[in-house]
Amino acid sequence: MSSAQDFYAHLTQELQAIRAAGLYKSERIISGPQSALVRLADGREVLNLCANNYLGLSSHPAVIEAAHEALRTHGYGLSSVRFICGTQDLHKTLEQRLSRFLGTEDTILYAAAFDANGGLFEPLLGEQDAVISDELNHASIIDGIRLCKASRYRYKHNDMADLVRCLEEAKAAGARFTLVFTDGVFSMDGTIAKLDEIRAITDRYGALLGIDECHASGFLGKTGRGTHEYRNVFGQIDLITGTLGKALGGASGGFTSGRREVIEMLRQRSRPYLFSNTVAPSIVGASIAVLDLLESSTALRDKLEANTAYFRAAIQAAGFEIKPGTHPIVPIMVYDAALAQQLSARLLELGVYAVGFFFPVVPKGQARIRVQISAGHERIHLEKAVAAFTQAGLELGLIKG
Ligand SMILES: *Cc1c(COP(=O)(O)O)cnc(C)c1O
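Note that the structure is predicted; figures quoted are calculated from it, not measured. (Residues numbered from 1 in each chain as written. Predicted model: local features only at pLDDT ≥ 70, side-chain atom pairs only at ≥ 80, totals over all residues. Heavy atoms only, no water.)

Undergrad: Teacher, can you tell me more about the overall build of the chain here?
TA: Along its length, the chain carries 16 helices and 13 strands. Whereas a compact globule of 401 residues would reach a radius of gyration of roughly 21 Å, the chain reaches 22 Å, a difference of no more than 12%. Here the chain holds 401 residues, and the buried ones make up 50% of them. A total accessible area of about 18,400 Å² is found for the chain, and carbon and sulfur atoms account for 54% of it. Mean positive and mean negative side-chain charge positions of the chain (41 and 43 charges, respectively) differ by 1 Å. (Helix = DSSP H or I, 4+ residues; strand = E, 2+ residues; numbered from the N terminus. Rg over C-alpha atoms; globule rule 2.2 N^0.38 Å. Buried < 20%, exposed > 50% of the residue type's maximum accessible area, 1.4 Å probe, protein only. Areas by Shrake-Rupley, 256 points an atom, 1.4 Å probe, with all protein chains shown as cover. Lys, Arg positive; Asp, Glu negative; His and termini not counted. Charge placed at Lys NZ, Arg CZ, Asp CG, Glu CD.)

Structure follows, in C-alpha cells:
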C-alpha cells in the first residue's frame with residue numbers, strides 16, 4: 001500500500017502535468033463589486049466582458065437595498081434546512097413569484113442550480129424509465145442523471161433526427177416514462193435549443209420535456225421569461241431549472257419549477273434540498289426585488305438585446321469570425337489555444353477583460369474568446385471593446401488591416 005506521502009506527491013505530479021499541458025486555470029483577483037468595469041488587485045480598472053451579469057443587476061442599487069432590507073427584517077442566516085426551521089415567508093413568496101414569472105404551478109429553491117439539477121432526476125425517475133440528454137448539456141445535468149437509475153440516452157447536439165432515434169430506442173426498450181432534458185441555451189456557443197421542435201417531437205412520444213434556463217431566465221424572449229418564450233412554447237415545458245446566480249442578480253441560489261406534484265415530490269425526496277441549508281434571506285429578498293424590476297419593465301432585457309446586436313455586428317465588421325446567433329454569449333473564434341491566450345492577455349493590457357476558452361472546456365481546435373454582453377454596458381464600453389479587439393487582432397495577425 002502506498003503512503004499518504006505518496007498520495008501528496010502524486011497530486012503534485014498531476015498538477016504539474018496540468019500546467020505542462022497549458023490547461024491550468026488561475027483565478028484573477030477582483031477587488032470591488034461585479035460591474036461593467038471591475039477593479040483588479042493591482043488597482044487597474046478594466047472593462048469586464050466575461051461575467052454572467054447579463055442584466056447588470058449584480059450591483060444594482062435597488063437589488064442591494066432589497067438585500068439590506070431583508071437582512072434587517074429576516075436576519076443573516078437560518079442555520080437550517082427548509083423542512084426543519086429554514087422556511088420564511090420570503091422563501092414562499094420568491095417561489096410563488098418565480099412560478100408566475102416562468103408560467104408554472106410551483107417552484108422549489110436550492111442553494112445552487114448545480115443542486116437543482118443534481119437533485120432533479122433521482123427522485124422522479126426509476127429504473128423502468130428513460131432520460132434523454134443533449135450531448136452538450138451542462139456538467140450538473142450530467143451528474144444529476146448519473147445519480148438516477150433510469151436508462152440513459154444521448155443525442156447529438158441540437159440534432160432532432162438523433163433525438164428521435166433516442167426516443168425510438170427508449171420506446172423499443174419498453175421505457176415507462178421518458179424525459180428529454182436540454183440546456184435552453186448552451187454556454188460555450190450561445191446556441192438556443194430548438195424547443196418548439198423538441199416539444200412537438202416529445203409530444204408525439206408522450207415524453208416529458210425539461211430545460212435548464214441558467215443562461216436564459218430574465219432576458220431571453222420578448223419579456224425575458226426564457227427560452228420557452230423565445231421559442232413560443234411558454235407554459236408548455238414540464239420541468240424548468242435555473243439559477244439566481246447569473247442574470248437574476250448574480251449572488252447564488254437555484255430553482256426547479258414545474259407542475260405542483262413534481263415540486264411536492266422534490267420537497268419530499270430531493271437530497272440537495274433535504275440535506276443542505278436554506279438560501280440566505282438577503283438573497284431571497286433581493287431576488288424578489290429583481291422579479292419586481294423585470295415584471296415592471298423590459299428596459300433591461302431590451303438594452304441587452306440592442307447591445308448584443310451592436311456588438312455582434314461591430315466585431316464582425318472588424319474582421320473577426322463569431323458563432324452566429326442572437327444570444328449575448330458571443331464566441332469569437334481563434335481556433336488555436338495558445339493564440340486565444342495571447343489575445344486574452346493583450347486585451348487585458350488594453351484594458352479589456354475577456355477570457356480564452358480551449359480544450360477541454362471546448363473541443364480541440366475550437367479555442368475562442370467568449371464574450372458576454374450585459375445591459376450594464378454602455379455603447380462607449382462596447383466601442384472600446386471592439387477597438388481593443390481590433391488592435392490586438394491586427395498585432396497577432398488574426399485580422400487584416
Ligand atoms: C451556471 C450553470 C449552472 C450552475 O448554476 P449555479 O447556480 O451557479 O450552480 C447550471 N446549469 C447551467 C447550464 C449553467 O450555465
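From this point, the narrative continues.
Undergrad: Explain a nonpolar patch on the surface here, please?
TA: A cluster of nonpolar side chains, namely Phe-7, Tyr-8 and Leu-11, defines an oily patch on the protein surface of about 310 Å² accessible area. Here Leu-11 lies in helix α1 (residues 4-20). The class for Leu-11 is partly exposed, based on a relative accessible area of 37%. (Patch = residues over 30% accessible without salt bridge, like charges linked within 9 Å, V, L, I, M, F, W, Y side chains within 5 Å. Salt bridge = Lys/Arg side-chain N within 4 Å of Asp/Glu carboxyl O.)

Undergrad: It is not clear to me how the packing of aromatic side chains should be interpreted in this structure. Could you clarify?
TA: Geometrically, a pair of aromatic rings is defined through the distance of the ring centres and the angle of the planes. Under the defined criterion, the tally for this structure stands at five aromatic pairs. With 4.5 Å between their ring centres and 40 degrees between their planes, Tyr-54 and Phe-219 make a pair best called tilted. With a gap of 165 residues between them, Tyr-54 in the loop between β2 (45-48) and α2 (61-74) and Phe-219 in the loop between β7 (208-212) and α10 (227-230) connect regions that are remote in the sequence. Here Phe-121 and Phe-181 contribute two aromatic rings whose centre-to-centre distance is 5.2 Å and whose plane-to-plane angle is 75 degrees, an arrangement assigned as edge-to-face. Remark: Phe-181 occurs in strand β6 (residues 178-183) and Phe-121 occurs in helix α6 (residues 121-124); sequence separation between them is 60 residues. The residues Phe-121 and Phe-181 share a single accessibility class, namely buried. A cation over a ring is seen here: Lys-364 above Phe-359, with NZ or CZ 4.1 Å from the ring centre. (Phe/Tyr/Trp six-rings, centres within 6.5 Å; stacked < 30°, edge-to-face > 60°. Lys NZ or Arg CZ within 6 Å of the ring centre and 35° of its normal.)

Undergrad: I would appreciate a short explanation of the sheet that holds strand β5 (residues 151-155) in the present structure.
TA: As a general point, the strands of a sheet are linked pairwise by backbone hydrogen bonds and lie either parallel or antiparallel. Ordered in space as β3-β9-β8-β7-β6-β4-β5, the seven strands form an open sheet in which the pairing is mixed. Strands with a single pairing partner mark the edges of an open sheet, and in this sheet they are β3 (106-110) and β5. Between one strand and the next, the sheet's axes are offset by a mean angle of 20 degrees, whatever the strand orientation. Strands in contact with helix α4 (residues 89-102) are β3, β8 (239-243) and β9 (254-258); relative to β3, the strand with the most contacts, it is inclined by about 125 degrees. Helix α9 (residues 195-205) contacts β5, β6 and β7 of the sheet and is inclined by roughly 155 degrees relative to β7. (Pairing = 2+ DSSP bridges. Axes fitted to C-alpha atoms, helices over the stretch in contact; angles between N-to-C directions. Contact = heavy atoms within 4.5 Å.)

Undergrad: I would appreciate a short explanation of helix α15 (residues 337-349) in the present structure.
TA: Because an α-helix completes one turn every 3.6 residues, residues spaced three or four positions apart along the sequence face the same direction. Its 13 residues give α15 an end-to-end C-alpha distance of 19 Å, which sits within 8% of 18 Å, the value for a rise of 1.5 Å per residue. Where α15 begins, one side-chain oxygen reaches toward the backbone nitrogen of Ala-338, 3.3 Å away; that side chain belongs to Asp-336. Where α15 ends, the next residue or the one after it, Gly-351, has phi of about 90 degrees, a positive value. (Expected span 1.5 Å × (residues − 1). Polar contact = N/O pair within 3.5 Å; in protein donor to acceptor, adjacent residues only side chain to side chain.)

Undergrad: Would you mind showing me how to read the layout of surface pockets here?
TA: Rolled over the atoms, a probe as big as a water molecule pinpoints where empty space is left. By volume, the largest pocket is sized at about 770 Å³. In this structure, the largest pocket is lined by 23 residues; those nearest its centre are Tyr-24, Lys-25, Ser-26, Val-355 and Gly-356. Mapped onto the lining of the largest pocket, the elements with two or more residues apiece are α15, β12 (356-357) and β13 (367-372). If you tally residues by element for the lining of the largest pocket, the top one is α15, at four residues. (1 Å grid on protein atoms, 1.4 Å probe; cavity = no way out; pocket = protein on both sides within 12 Å on 5 of 7 lines; lining within 4 Å. Points joined across faces, edges and corners; volume = space filled by probe spheres on them.)

Undergrad: So what exactly am I meant to see when it comes to the site of the ligand here?
TA: In the neighbourhood of the ligand, 13 residues make up the surrounding shell, with Ala-113, Asp-212, His-215, Thr-243 and Lys-246 lying closest. Between the ligand and His-138 there is a distance of 3.3 Å, counted from a nitrogen atom to a side-chain nitrogen or oxygen. In the model, an oxygen atom of the ligand is placed 2.6 Å from a nitrogen or oxygen of the Thr-243 side chain. Considering the ligand on its own, with 380 Å² of exposed area, one finds that the protein chains cover 83% of that surface. Per-element accounting of the shell around the ligand gives the leading share, three residues, to helix α5 (residues 113-118). Classifying every residue of the shell around the ligand gives four nonpolar, six polar and three charged. (Near = heavy atom within 4 Å. Nonpolar A, V, L, I, M, F, W, Y, C, P; charged D, E, K, R; others polar.)

Undergrad: I would appreciate a short explanation of the nonpolar core in the present structure.
TA: Within soluble globular proteins, side chains that are nonpolar generally end up buried alongside one another. Ile-132, Leu-163, Ile-198, Phe-311, Ile-332, Val-371 and Phe-389 are the most contacted members of the largest nonpolar core, which totals 80 residues. For this core, the leading source of residues is helix α13 (residues 281-296), giving seven residues. Excluding residues that lie within four positions of it along the chain, Phe-389 makes contacts with Leu-49, Ile-315, Phe-320, Ile-332, Leu-343, Leu-347, Ile-369 and Val-371. (Core = buried A, V, L, I, M, F, W, Y, C linked by side-chain atoms within 4.5 Å.)

Undergrad: I'm lost on the state of the cysteines in this one. Help?
TA: One way to say it: the disulfide is the covalent bond shared by the sulfur atoms of two cysteines. For the coordinates displayed, the defined rule picks out zero disulfides. Left unpaired, Cys-50 is separated from the closest cysteine sulfur, that of Cys-214, by 18 Å. (Disulfide = S-S within 2.5 Å.)

Undergrad: Would you mind going over the sheet that holds strand β11 (residues 352-353) with me for this structure?
TA: In space, the three strands of this open sheet follow the order β1-β2-β11, with mixed pairing throughout. Each of the sheet's edge strands pairs with one partner strand only, and the pair in question is β1 (37-39) and β11.

Undergrad: Would you take a moment to explain the environment of Ser-151 for this structure?
TA: Looking at the element boundaries, Ser-151 is found in strand β5. Accessibility expressed as a relative area gives 33% for Ser-151, which makes it partly exposed. The spacing of Ser-151 and Ala-20 is 131 residues in sequence and 38 Å in space, taken between C-alpha atoms. In this view, Ser-151 contacts Glu-127, Asp-129, Ala-130 and Val-131; residues no more than four positions away in its chain are not counted.

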